[in-house]
Amino acid sequence: MREELNALRGDALRDIAAAADLSALEQVRVAITGRSGRLTQAGEQMRHLAKEDRPEVGKLLHEVRTAVTAALEARTAELSSAAEEAELAQIDPTMPGRARAVGSLHPLQHLQRRAVEIFRRMGFALAEGPDIETEWHCFDALNTPPDHPARNEQDTFYLPDGRLLRTHTSSVQIRTMENRTPPIRIIAPGAAYRRDEVDATHLAQFTQMEGLYVDEGVTLGDLKGTLEYFFRELFGSDAKVRFRPHFFPFTEPSYEIDVRAAALGGGERWLELAGCGMVDPAVFAQINERRGDQAFDPDKVTGFAFGFGLERLAMILYGVPDIRMFVENDQRFLSQFPS
Ligand code: PHE
């Protein structure tokens, strides 16, 4: 039995060393330590030995088992790391990684942030109001009479209860003055709605940015300076800003603002970009009546307001030919704008 065990050890260690891969090694293991493997059977034969031989053979059996188990473990480790290395060798670590798609700001968001940032530097604070407005906030308080065409059902989305989708963010001027006292310096970016036929330059929903400055002694000079500064910051120091007389019900005098700059299609043409004016005293009177005080006493305070559409600005600035591109969610369009 002793020779048999020594021979078994020799064979086992040789076969283990010779196993070329993990499945060959597994076959060797089964043949040695499996249920009917040689080592298992040798263990069973211990019963037939004479009692006095058992300790010595038992010791040898234990040694053989320890040696074989250790050899099996070592070879398993060796073969699995070799298998892993072979797998790794198929990968080219110098290949560039797969880039993860990173989102970017929508061009309108991008422009809005730039605009807000410029006005912030001049001390304007952000203000907001609801998209669903009362007629009073959107029209009456803004000195827009009931027979004004903007109030027409053909131009404005009315809800069954008489409220409406605001046609401009000027309603935020009104809400701000209802709730606060001068000095007021706010900008209000947000959605505005008009019952427009959708085409390359019109959407039924667009984005406006409105500004309001009310204090004692605010002049037309302040309005000019503020907007000239804004457009030069946005379009470059070569930007020329022109104020052309116009009419809005809620400002007097009123102007449309035209801008020319290299950044705006080469600067050949004056482009009409915004509306503005000095707040009409009739608007202050409406606010005072609503508040029940004289916080906006037209003899003491003056103010200016302005408003412009962000889509139109972005179209000219970024050379976007069709306003519908802003809402189509086409990645090929959106991914052209850096965040
Ligand atoms: N609310 C005007 C519009 O939608 C723009 C504007 C705002 C004009 C403030 C003057 C003052 O066209």
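Just so it is clear, the structure is predicted and the values come from calculations on it, not from any experiment. (Residues numbered from 1 in each chain as written. Predicted model: local features only at pLDDT ≥ 70, side-chain atom pairs only at ≥ 80, totals over all residues. Heavy atoms only, no water.)

A. Fine view of the pattern of salt bridges. Per the stated rule, a full pass over the model turns up 22 salt bridges. Between R38 and D11 there is a salt bridge, with its nearest N and O atoms 3.0 Å apart. Of the two residues, R38 sits in helix α3 (residues 38-45) while D11 sits in helix α1 (residues 2-18), which places them 27 residues apart along the sequence. Owing to a relative accessible area of 39%, R38 belongs among the partly exposed residues under this scheme. Judged by its relative accessible area of 23%, D11 falls in the partly exposed class. For E256, the salt bridge is made with R244, and the minimal N-O distance between the two is 3.2 Å. Of this pair, E256 sits in strand β7 (residues 251-260) while R244 is found in strand β6 (residues 240-248), placing the two residues 12 residues apart along the sequence. (Salt bridge = Lys/Arg side-chain N within 4 Å of Asp/Glu carboxyl O. Helix = DSSP H or I, 4+ residues; strand = E, 2+ residues; numbered from the N terminus. Buried < 20%, exposed > 50% of the residue type's maximum accessible area, 1.4 Å probe, protein only.)

B. Representation of the pairing of β6 in the model. Bridge analysis of β6 against β7 gives eight bridges, and the strand direction is antiparallel. The residue bridging V241 from the neighbouring strand is V259, located in β7. (Pairing = 2+ DSSP bridges.)

C. Region of the structure containing the site of the ligand. With respect to spatial proximity, 13 residues lie near the ligand, and among them H168, S170, R194, Q208 and E210 are the closest. H168 is positioned such that a nitrogen or oxygen atom in its side chain is 3.1 Å from a nitrogen atom of the ligand. In the environment of the ligand, a nitrogen atom lies 2.9 Å from a nitrogen or oxygen atom belonging to the side chain of S170. The fraction of the free accessible surface of the ligand (320 Å²) that becomes covered by protein chains is 89%. Elements supplying a minimum of two residues to the shell around the ligand: β5 (205-216), β8 (271-279) and β9 (301-309). In terms of residue count, the dominant contributor to the shell around the ligand is β9 (three residues). Of the residues that constitute the shell around the ligand, the class distribution is five nonpolar, six polar and two charged. (Near = heavy atom within 4 Å. Polar contact = N/O pair within 3.5 Å; in protein donor to acceptor, adjacent residues only side chain to side chain. Areas by Shrake-Rupley, 256 points an atom, 1.4 Å probe, with all protein chains shown as cover. Nonpolar A, V, L, I, M, F, W, Y, C, P; charged D, E, K, R; others polar.)

D. The arrangement of the sheet that holds β6 in detail. Ordered by their spatial adjacency, seven strands build an open sheet running β1-β4-β5-β9-β8-β7-β6, and the pairing between neighbours is mixed. Edge positions in the sheet fall to β1 (125-126) and β6, since each has one partner strand and no second. With two bridges connecting them, β1 and strand β4 (residues 184-193) associate as parallel partners. Paired with A125 across the two strands is I186, which belongs to β4. Packing of helix α5 (residues 107-121) onto the sheet brings it into contact with β1, β4, β5 and β9, and relative to β5 it is tilted by some 5 degrees. (Contact = heavy atoms within 4.5 Å. Axes fitted to C-alpha atoms, helices over the stretch in contact; angles between N-to-C directions.)

E. Geometry of the domain arrangement of the protein. The assigned domain composition of the protein is domain 1 (2-89) and domain 2 (107-334). The straight-line distance from the C-alpha centre of domain 1 to that of domain 2 is 87 Å. (Domains from an automatic or database assignment.)

F. Representation of the side chain of E133 in the model. Tracing the backbone through its elements, the reader meets E133 in strand β2 (residues 132-133). One polar contact links E133 to R175, side chain to side chain, over a distance of 2.7 Å. Excluding anything up to four places from it in sequence, E133 contacts C138, R163, L164, R166, S171 and R175.

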